[in-house]
Amino acid sequence: MRIASVGTAFPPHRYPQTVITEALKSRMQDKLEIPGIMDRLHSNCGVDYRHIMFPLDTLGTLSGFGPTNDAWIKGALELGQQAVRKALDQAGLEPSDISAIFFTSVTGIACPSIDARLVNLMGFPNTIKRTPIFGLGCVAGAAGISRAADYVRAFPKQYALLLSVELCSLTWQEQDCSMANLVACGLFGDGAAAVVLAGEETQLAEKPTSVEDPCPRVLATRSTFYPNTEHLMGWNINHNGFNIVLSAEVPELVTTELRQTVEDFLGENDLQIGQICSFIFHSGGPKVLKAMESSLSLPPGALSASWNSLRQRGNLSSASVLTVMQDYLLNRPGSPGCYSMIGAMGPAFCSELLLLQW
C-alpha cells in the first residue's frame, strides 16, 4: 500500500503574525494583567504568518458556541472540498474511485459529519464507508493515515481518503487570559489537507515509485499511549466553545518518552534511528520541535520542513504533519529504497508513528 497523493488548502486571509497579535491585543488589552505579555508570547511562537478562515474583524463578531460552530461547518466544507479535489487530481482519481473516507478535526463538530456532507457535494459512491474522528487533536493527521492504511491493508484493491480540516482561529477565546490561551492565539492557524491511500493491488500501488512520481509505501504503524497524562492537552468545552488545555509539561514528556517509543518501533522492524533518511514530524511549536530534535539526537536541519511549516502557517493541529508530508512528496522525496518516519503527538497523551519506504 502506498501514499498516492497529498492535497492541501488554505484560507484566502493570510496575515503576518504581528498583525494578528495587534488585532487580538485591541480586543483583549483591557483584560491582560501583564502589559506586553501577548507580544512576548507571540514573538516566541516561531510563527511568521498564519492563514485565517475569516477576516480578523469577523472573528470579533462571533459569540457563543453555536454561531462559532456554524462558521466552522461552513469553512470546513469549503476548505475540505478544495483539499480533496487537489489530492484526487494529483492521484488521477475521481470521487467515485474512493471506497472509504476518514475525516478528522478537533476544532468543530457536525452531525451529519463533514465527510457525509462532502459525499453529497462531491459525488462519492453511496457505498462509501465513513469514519469521522474527533478528539485526537494534533496526533490525528498521523493517526488518520494509520487508520486509512489499516483499511486498505484489509481491502487491497481499494482506495481510502483521509481529510483533515482544522479552523483553530475559531477556538480562540477572547475572554480567556490564561497563559495557555494566549499561547494558543499566537501558535495555531487554519488549513486543510487530504491524503489518498492506495491498496497494494490498485493500479497506483503497483506503479514503481520514482523521484518524479514519489508514492512511498507504508510499511508499519505504531500507536503509543502514555498513561495518566490526559491533563497535558485537550479542551474544556462549555457554552463559549473550546477552551484550550495546554500544559508546559508537554516538551518534557516529548524529551523523556519519544526516543524509547521510536527505538521500540524501529526495533520491531529491524531498523535503527540512523537508517531513517527523513523525519516528517508535526509542527507542534518551537519547544516541541526542539524536544524532538534533542530526544532523537537529530542532526541540524533534520526537521527543517517542520520548522518551515510552523513559520509559514503556524500549528495546524492534525493538518500540520500532512502539510509537512506534502513538502517531502513535492520537494524532497527520498531516494528509492530509503526509509522515512511520520510522527505526531497529541491529547491523551499519545503518539503515532508510521514507517515509510520510498
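Criteria and cut-off values
Positions within a chain are numbered from 1, following the residues in the order the chain's sequence is written. Residue-level local features of this predicted model are given only where pLDDT is at least 70; pairs of side-chain atoms are given and counted only at 80 or more, and the full residue set underlies all totals for whole chains, interfaces and linings. Neither water nor hydrogens contribute to the side-chain values; these are computed over all heavy atoms in the structure. UniProt positions are given in the numbering used here, feature names are shortened, and annotations may be inferred rather than shown by experiment. The domain limits used here are those given by an automatic or database domain assignment. By definition in these notes, contact holds between two residues if any of their heavy atoms fall within 4.5 Å. Here's the idea: put two parts together, see how much 1.4 Å probe accessible area each one loses, and the total over both is what we call buried area. Salt-bridge detection follows one rule: a side-chain nitrogen of Lys or Arg within 4 Å of a carboxyl oxygen of Asp or Glu. For the purposes of these results, a polar contact is taken to be a pair of N or O atoms within 3.5 Å, where, inside protein, one atom must be able to donate a hydrogen and its partner to accept one; residues adjacent in sequence count only when each atom of the pair is a side-chain atom. Think of it this way: any DSSP run of H or I at least four residues long counts as a helix, any run of E at least two long counts as a strand, and we number them from the N terminus. Categorising residues by exposure relies on relative accessible area from a 1.4 Å probe, with only protein chains included: less than 20% of the type maximum marks a residue as buried, more than 50% marks it as exposed, and the intermediate range marks it as partly exposed. By definition, two strands form a pair when at least two bridges between them are found by DSSP. Here the term patch refers to residues with relative accessible area over 30% and no salt bridge, with like charges joined within 9 Å and nonpolar side chains (Val, Leu, Ile, Met, Phe, Trp, Tyr) within 5 Å. Note on areas: Shrake-Rupley, 1.4 Å probe, and residue coverage restricted to the protein chains presented here.

Where an unreviewed UniProt entry is consulted, the protein appears under the name Isopalmitoylresorcinol synthase, with the organism given as Edaphobacter modestus. One UniProt comment on the protein, placed under Sequence similarities (unreviewed entry), says "Belongs to the thiolase-like superfamily. Chalcone/stilbene synthases family."

What to know about the domain arrangement of the protein
Parsing the protein into structural domains produces domain 1 (2–198) and domain 2 (217–357). Relative placement of domain 1 and domain 2: their C-alpha centres are 18 Å apart. The partner domain 2 presents 44 residues to the 56 residues of domain 1 that form the contact. Across the interface of domain 1 and domain 2, roughly 4000 Å² is buried in total on both sides, 65% from carbon and sulfur atoms. Taking the shortest distance from any N to any O, the salt bridge between Arg147 and Glu352 comes out at 3.3 Å. In this assembly, domain 1 and domain 2 are joined by 17 residue pairs in polar contact (both at pLDDT 80 or more). Mapped onto the side of domain 1 that touches domain 2, the elements with two or more residues apiece are strand S1 (2–9), strand S3 (49–52), helix H4 (65–91), helix H6 (140–154), strand S6 (159–167), helix H7 (179–187) and strand S7 (190–198). Here the side of domain 1 that touches domain 2 takes 8 residues from H6, the largest share from any one element.

Describing the pattern of salt bridges
By the definition in use, this model includes 11 salt bridges. The salt bridge involving Glu22 is made with Lys25; its shortest N-O contact spans 3.1 Å. In this pair, Glu22 and Lys25 are both assigned in helix H1 (residues 17–28), 3 residues apart and thus about one turn of the helix distant. Two residues, Asp89 and Arg85, come together in a salt bridge whose shortest N-O distance is 3.1 Å. Taken together, the residues span about one helical turn, with Asp89 and Arg85 both in helix H4 at a distance of 4 residues. For Arg85, a relative accessible area of 29% gives the class partly exposed.

Regarding the UniProt feature "active site" (unreviewed entry) in the protein
This chain's UniProt record puts "active site" (unreviewed entry) on Cys138. Note that Cys138 resides in the loop between strand S5 (129–133) and H6. For Cys138, a relative accessible area of 6% puts it in the buried group. When residues no more than four places from it in sequence are discounted, the contact partners of Cys138 are Phe188, His282, Asn315, Ser317, Ser318, Ala344, Met345 and Pro347.

Details of the pairing of strand S13 (residues 350–357)
In terms of burial, S13 is a largely internal element, 8 of the 8 residues being buried. By the bridge criterion, 8 bridges tie strand S8 (residues 217–225) to S13 in an arrangement that is antiparallel. Looking at the pairing, Ala220 lines up with Leu355 of S13. Of the pairings in the sheet, the one linking strand S12 (residues 339–346) to S13 comprises 8 bridges and is antiparallel in character. Bridge pairing in S13 links Ser340 to Leu356.

A word on a nonpolar patch on the surface
Together, Ile109, Phe134 and Ile237 make up a nonpolar patch on the protein surface, roughly 280 Å² of accessible area in all. With respect to the secondary-structure elements, Ile109 resides in the loop between strand S4 (98–104) and helix H5 (114–122).

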